[in-house]
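Tertiary structure, described
Given next are the chains, with one letter for each unit.
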Amino acid sequence: MKRLVESSGVEVAFREVDVVTTGTFGAMCSSGAIINLGHADPPIKIDKAWINDVPICHPGAAVDLYIGATAMSERQPFEYGGGHVIEALVCGKEVELRATAYGTDCYPRTQIKTNLTKDDLNQFYLLNFRNCYQRYNCAVNSRDETIYTYMGKLLPRLKNATYSGAGELNPLMNDPDYETIGIGTRIFLGGAQGYVIGEGTQHEPQNLNGTIMVRGDAKKMNPEFLRGATFTRYGTTLYVGLGIPIPILNEGLAKKTAIRDEEIFTNVVDYGVPRRNRPKLAKVSYKELKSGAITVGDKRIRVSSLSSLKTARKIAATLKAWIEQGEFFLTAPVERLPVDTVFKPMRQTEEVSFVSNVMQKAVTCSETESVQAVAERIVTRSVNHIVMVDDSGKLTGIVTSWDITRALAQGKTALADIVTRRVITAKLDEPLETASKRMAQHKISALPVIDNEKKVLGIVTAEDVSKLLGR
Amino acid sequence: MVRILLRFSEDIVEQPITSQIILELKVPINIITAHVNSKGGEVLAEVPDESLDKVVKAFRKRGAKVSIPKLIEVDAEKCVSCGACVTLCPVEAITIDEDASVVFNKEKCIGSTCSACVDACPSRAIKSVKQNNSELVANNAH
Ligand code: SF4
Ligand code: SF4
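The structure presented is a predicted model; accordingly, all values stated were derived computationally and were not measured.

**Notes on the interface of chain B and chain A**
- Every contact between the two is made by 23 residues of chain B and, on the other side, 26 residues of chain A.
- Between chain B and chain A, a total of about 1800 Å² is buried, with carbon and sulfur atoms accounting for 46% of that surface.
- Among the residues chain B hides against chain A, the three largest losses belong to Val80(B), Thr87(B) and Pro122(B). Together they make up 32% of the total.
- Along the contact surface separating chain B from chain A lie 3 salt bridges.
- With a shortest N-O distance of 3.9 Å, Glu92(B) and Arg302(A) are connected by a salt bridge.
- Considered class by class, the residues forming the side of chain B that touches chain A number 12 nonpolar, 4 polar and 7 charged.

Below is the structure:
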């Protein structure tokens, strides 16, 4: 379609093309599966359940369970989770179910342990609250350390970037006004046929961040298009393959489905800042993203995809083949996806603390001072940390009372010999929890707070943090 | 052949150590990748099994650090060609070809001493495996 519109124009394309197929294959955390186990004898009304040691929730009555993709195994957390359980079941493998209950007159049993395959289940339906993001952020990390996020492994100081999404192949991008997508739209889901059952949670169409809620029979699915996955130090998830056929009902749709990667933009977002509103550093197109490198300021950054373009293409091609062979019939939606919903942030009724809430004025020194002078300052100001700054107030090091004691004992007099130059720091608007975690990780008891120019704004100490966080 | 990873510090990086050893021992040493600058160097090389012992000794005598990396292997069944590993590779051993498949260049990969891609793989498709002559390696080189 894209090429046809370019070469022959929208009119010709509209006359010649009936359907455009799309596809995407990426990690979709808000995914899971509903299963019904049938009744045991004597019967049990499950209270808590685990499959292969992954905690499973029971949203309904006695033997209905929901396997959430991000629930993690109690024995192998961060390696094995709900996504892997779903994949194992789809593959036909046997899984171990354990459950406990409080026992009632009608459901006397208090525990059960059994092995199951998908054939033993009455229902095994994929039921995903939010799939198929129209587009997603490109992630980078400005911190001095590698971070592990749901956007993958991000190297320090913007040394790499990651992105997700199929760009011009994305289903919602090809029908951005949702003329053909809504409740009841039949789709490709995990290698089988499924349905859109409504807009997804956090659906935000006006920002080109539409999502869909989907359901499909997981017993018929194929592990090639449904895979358990692990993001190191973030947790487990599920890779979901999803494709939507878009009937070309009018010239407008012919034009919309001709969308190209160069016309789809997303923000480069700094995941090094652990806040809801992370700084946006640049705007890039999916064309640049797929080229393998993007430019932010004057920096060229190599970029990795987290979703598989190869599998996305295969999904679109498979869907096309199904339609051509008469195995898949298009449906008109019963109700179209809303185009006006907004995505509100959480209402918080309790105060949260940031570094700025507990920061104190830092006691400073300069490179040229003597150990003796700094020792005196530690005593008179009764602090444990002295921050070393240059003439313009920029951070150059840190000296602790311990460093001073040792220096005095060893008869050292030059500050330059004892100062720590690689200083672990904090930012003003950083949540206190992350600053506190960083202190614990590096086994230190204070962090100078600096701005983007490395100017010292103050200091936050473990003592003040624990007073406020109460630990 | 066994793969060895040689590290040269700033002090010795200017010296033609590898060529000296080739000449002295008359052993073919196949350089696979080399990353060298004035601050030091890292060279991945292949040596014949039977000469491993003397080659390692010769390098260590001249101040180079020698380690025997495990090899990185990708399980094609598990790999979904997502690409998450690509930018983590410092030697650009992982690339994406025209049909969007992710391809590992085993020749370029410096092995377990790097491993930067391993924990970035959501499918856990990347593993480090012992070189098949690792028994011999263990006896001789350590
Ligand atoms: S182990 Fe290192 S060198 Fe080898 S492929 Fe992975 S990232 Fe590249
Ligand atoms: S990260 Fe893993 S699954 Fe993704 S392309 Fe690399 S090896 Fe394959």
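Resuming the write-up.
**Quick look at the pattern of salt bridges**
Residues and elements named next belong to chain A.
- This structure, assessed with the given rule, holds 27 salt bridges over all chains.
- Of the charged contacts in the structure, one is a salt bridge between Glu145 and Arg438, with a shortest N-O distance of 3.8 Å. You can see Glu145 sitting in the loop between strand E10 (138-140) and strand E11 (147-149) and its partner Arg438 sitting in helix H11 (residues 432-442), a full 293 residues away along the chain.
- Glu145 gets classed as partly exposed once you look at its relative accessible area, which sits at 24%.
- In this structure, Lys314 engages Glu224 in a salt bridge whose closest nitrogen and oxygen atoms are separated by 2.5 Å. Residue Lys314 is found in helix H7 (residues 309-324), and its partner Glu224 is found in the loop between strand E17 (212-217) and strand E18 (226-231); the two are separated by 90 residues along the sequence.
- Residue classification places Lys314 among the partly exposed positions, given a relative accessible area of 40%.
- A cluster of three or more residues bridged by salt bridges with shared partners is formed by Arg143, Glu145, Glu430 and Arg438.

**So, the environment of Gln325(A)**
- Its place among the elements puts Gln325(A) in the loop between H7 and strand E25 (335-336).
- Separated by 112 residues in sequence, Gln325(A) and Met213(A) have C-alpha atoms that sit 27 Å apart.

**Focus on the domain arrangement of chain B**
Residue and element names in this part refer to chain B.
- Here chain B is described as being made up of domain 1 (2-67) and domain 2 (72-137).
- Taken over C-alpha atoms, the centre of domain 1 sits 24 Å from the centre of domain 2.
- Across the contact, 12 residues belong to domain 1 and 11 residues belong to domain 2.
- Approximately 920 Å² of surface area, both sides summed, lies buried where domain 1 meets domain 2, with 55% of it carried by carbon and sulfur atoms.
- Its largest share of buried area at the contact with domain 2, domain 1 owes to Val2, Arg3 and Asp49, together 40% of the area lost on that side.

**Topic: the sheet that holds strand E23 (residues 293-296) of chain A**
All names here are of chain A.
- Across the sheet, which stays open at both edges, the 6 strands sit in the order E22-E21-E10-E13-E24-E23 with mixed pairing between neighbours. Because the sheet does not close on itself, it has two edges, and the strands there are strand E22 (280-285) and E23. Each adjacent strand pair in this sheet contributes to an overall mean axis angle of 30°, direction not counted.
- Sheet topology note: the E10/strand E21 (residues 265-270) ladder contains 3 bridges and is parallel. When the sheet's bridge partners are listed, Ala139 is paired in E21 with Val269.

**Side note on the sheet that holds strand E2 (residues 30-37) of chain B**
Residue and element names in this part refer to chain B.
- Pairing is antiparallel in the open sheet, where 4 strands are placed in the order E2-E3-E1-E4. Strands with a single pairing partner mark the edges of an open sheet, and in this sheet they are E2 and strand E4 (65-67). Across the sheet, the axes of successive neighbouring strands diverge by a mean angle of 15°, strand direction being ignored.
- Here E2 pairs with strand E3 (residues 40-47) via 7 bridges, running antiparallel. Each bridged residue has a counterpart across the sheet, and for Val36 the counterpart in E3 is Gly41.

**What about the site of ligand 2?**
- Around ligand 2, the surrounding shell consists of Cys79(B), Val80(B), Ser81(B), Cys82(B), Gly83(B), Ala84(B), Cys85(B), Val102(B), Cys121(B), Pro122(B), Ser123(B) and Ile126(B).
- Partitioned by chemical class, the residues of the shell around ligand 2 number 9 nonpolar, 3 polar and no charged.

**So, the packing of aromatic side chains**
All names here are of chain A.
- This model, assessed by the stated rule, comprises 11 aromatic pairs over all chains.
- Aromatic pair Tyr150 and Tyr234: ring centres 5.9 Å apart, planes at 55°, arrangement tilted. Highlighted residues: Tyr150 in the loop between E11 and strand E12 (152-154) and Tyr234 in the loop between E18 and strand E19 (235-243), separated in sequence by 84 residues.
- Tyr150 sits in the partly exposed class, given a relative accessible area of 27%.
- Note on Trp322 and Phe328: the rings are 6.2 Å apart at their centroids and 20° apart in plane angle, and the pair reads as stacked.

**So, unusual backbone geometry**
- In this model, Asp41(A) is joined to Pro42(A) through a cis peptide bond whose omega is -10°.
- Positive phi, close to 45°, is recorded for Arg157(A), a residue that is not glycine.
- Among the secondary structure elements, Arg157(A) is positioned in the loop between E12 and strand E13 (160-163).
- Given the relative accessible area of 42%, Arg157(A) is considered partly exposed.
- One non-glycine residue, Ser81(B), lies in positive phi territory at about 55°.
- Within the fold, Ser81(B) resides in the loop between strand E5 (71-74) and strand E6 (94-96).

**Considerations on the nonpolar core**
All names here are of chain A.
- Counting residues in each nonpolar core, the largest one holds 55 residues, and the members touching the most others are Leu37, Ile86, Phe124 and Ile212.
- Counting residues per element, this core draws most heavily on helix H3 (residues 82-90), at 5 residues.
- Both domain 1 (2-28 + 126-336) and domain 2 (38-121) contribute no fewer than three residues apiece to this core.

Cut-off values and rules
- All residue numbers here refer to positions counted from 1 along the written sequence of the relevant chain.
- Written order determines the labels here, with chains lettered from A and ligands numbered from 1.
- The predicted nature of this model means local features are confined to residues of pLDDT at least 70 and side-chain atom pairs, given and counted, to a pLDDT of 80 or more, with totals for whole chains, interfaces and linings taken over all residues.
- The basis for every side-chain value is the complete set of heavy atoms in the structure, and neither hydrogens nor water enter the calculation.
- Any two residues whose heavy atoms approach within 4.5 Å are treated as being in contact.
- Buried area: the accessible area, evaluated with a 1.4 Å probe, that two parts lose upon being put together, summed over both parts.
- One side-chain nitrogen of Lys or Arg within 4 Å of one carboxyl oxygen of Asp or Glu is enough to make a salt bridge.
- Note that Gly is not counted as nonpolar here; it falls among the polar residues with everything else outside the nonpolar set of Ala, Val, Leu, Ile, Met, Phe, Trp, Tyr, Cys and Pro and the charged set of Asp, Glu, Lys and Arg.
- Helix and strand labels come from DSSP, where a helix needs a run of H or I of at least four residues and a strand needs a run of E of at least two; each type is numbered from the N terminus.
- In this scheme, a residue with accessible area under 20% of its type's maximum is buried, one over 50% is exposed, and one in between is partly exposed, where area comes from a 1.4 Å probe on protein chains only.
- Domain start and stop points were drawn from an automatic or database domain assignment.
- Two strands are said to pair when DSSP picks up at least two bridges between them.
- Inter-axis angles, ranging from 0 to 180 degrees, are taken between N-to-C directions of lines fitted to C-alpha atoms, where helices are fitted over the stretch in contact.
- Consider each residue's heavy atoms; a residue with any of them within 4 Å of a molecule or strand counts as near.
- A pair of aromatic rings is counted whenever rings of Phe, Tyr or Trp (Trp by its six-membered ring) have centres within 6.5 Å, and the orientation is called stacked for planes under 30 degrees apart, edge-to-face for over 60 and tilted otherwise.
- Put simply, buried Ala, Val, Leu, Ile, Met, Phe, Trp, Tyr and Cys residues joined by side-chain atoms within 4.5 Å make one nonpolar core.

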